[in-house]
Amino acid sequence: MSFFSKNLLKIEIRRNLKGNMIWSFALGLSLLLIVAIYPMVAEMMDALNEMLEYLESIDSGFIAMMESFGGIPDNVMEYFATEGALFLQLLGGIYAAMLGFGIVSKDEKENTVEVIYVLPISRTKLLATKMLSVATLLFIFTFIQMLLTQIGFLVVAPGESHLVLWEFGLFDYVMFLIIAYMSMGLAMFLKPNKSPLISIAIPFPFYILTIISTATDNDFLKALKYLSPFTFTEPVGFLKENHAFELINFLTFTGLTIIIVILSFIKFKKREMI
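Computed from a prediction, not measured in an experiment: that's the story for all the values here.

**Topic: the overall build of the chain**
When helices and strands are counted, the chain shows 11 helices and 0 strands. The order of α-helices and β-strands along the chain, N terminus first, is α-α-α-α-α-α-α-α-α-α-α. Across the 274 residues of the chain, 47% fall into the buried class. Of the accessible surface of the chain, which amounts to about 13800 Å², a share of 69% is contributed by carbon and sulfur atoms.

**A word on helix α1 (residues 6–36)**
Maximal helix bending in α1 amounts to about 45 degrees, located at L17. Within the span of α1, buried status applies to L8, L9, E12, I13, N16, N20, S24, L27, G28, L31, I34 and V35.

**Some thoughts on the nonpolar core**
Ranked by internal contacts, the top residues of the largest apolar core, which has 64 residues, are F80, V134, L138, Y181, M184 and L239. Elements with a minimum of two residues in this core: α1, α2 (38–57), α4 (76–109), α6 (123–156), α7 (163–188), α8 (203–214), α10 (235–241) and α11 (247–270). Excluding residues within four positions of it along the chain, Y181 makes contact with M131, V134, A135, T257, I260 and V261.

**Overview of the side chain of Q150**
Residue placement: Q150 occurs in helix α6. Among the residues examined, Q150 registers a relative accessible area of 12% and is labelled buried. Other than its neighbours up to four places away in sequence, Q150 contacts H162, L165 and W166.

**Description of the packing of α6 against α11**
How two helices sit against one another is set out by the angle between their axes and by the gap between those axes. In the contact formed by α6 and α11, the axes pass within 9 Å of each other and the chain directions differ by 135 degrees. Relative to α11, the element α6 is oriented oblique. The element α6 and its partner α11 pack so that their crossing is right-handed. Contacts between α6 and α11 involve R123, T124, L126, L127, A128 and M131 from the former and V261, S264, F265, F268, K269 and K270 from the latter.

Here is what the cut-offs are and how they apply
Residues numbered from 1 in each chain as written. Predicted model: local features only at pLDDT ≥ 70, side-chain atom pairs only at ≥ 80, totals over all residues. Heavy atoms only, no water. Helix = DSSP H or I, 4+ residues; strand = E, 2+ residues; numbered from the N terminus. Buried < 20%, exposed > 50% of the residue type's maximum accessible area, 1.4 Å probe, protein only. Areas by Shrake-Rupley, 256 points an atom, 1.4 Å probe, with all protein chains shown as cover. Bend = angle between axes of the 7 residues up to and from the residue. Core = buried A, V, L, I, M, F, W, Y, C linked by side-chain atoms within 4.5 Å. Contact = heavy atoms within 4.5 Å. Axes fitted to C-alpha atoms, helices over the stretch in contact; angles between N-to-C directions. Parallel < 35°, antiparallel > 145°, perpendicular 65-115°, else oblique. Left-handed = near helix turned anticlockwise from the far one by under 90°.

See below:
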């Protein structure tokens, strides 16, 4: 017996595909443009380096602040890490949250919940299919981001290896899934017909925690990074500094997501129809 419904999966993907394409190409083309203008930005970086050398000579605190955000990039990959990847994670996280929340609440808002719930499909299979559709849509979204960014890299740095970009994209995909499934869990515990905008309350605070933890020397504030799923895919560390992978952070949020998914199935079975 299949754990998913193929027909329902097709319906869920079809009804969300238009929004997925809008988000995917709007953000992906923006990332391509960010990468494509690197040659022009590189000239500005040369001028900035001269200014930073002077500030360093007078022991300015501005240098330390710049370094916490990645400093001046030395190549296009480091430039993407400090400019494009942060942009991708914030907006991608917001999209993932809204997608996860919306795929639960959409039936209630569109008054199709009575039809969906009386189909000869168990609620377990129904929710599992919705989760699979979220995973599929986020895979499409992430792949388009990496593909368009890769095209930008091929234009400005055709002779360099970009394998790390796809590795970064894989872990970004996992992070987007974590946020989406958290949002689905949130939708289960709220009253029906809530706006998907509520789901932004999940990725935005996490993102701010990661930014704060990377921009400070305070040990307590640095420890905040373990409270955010953005940490194991933090772009400057992942793409620029090649630091050790945040395995504890990754396993913590993977485990938390599994718990949320289990609770979502329990709650969904008891969820009242509107």
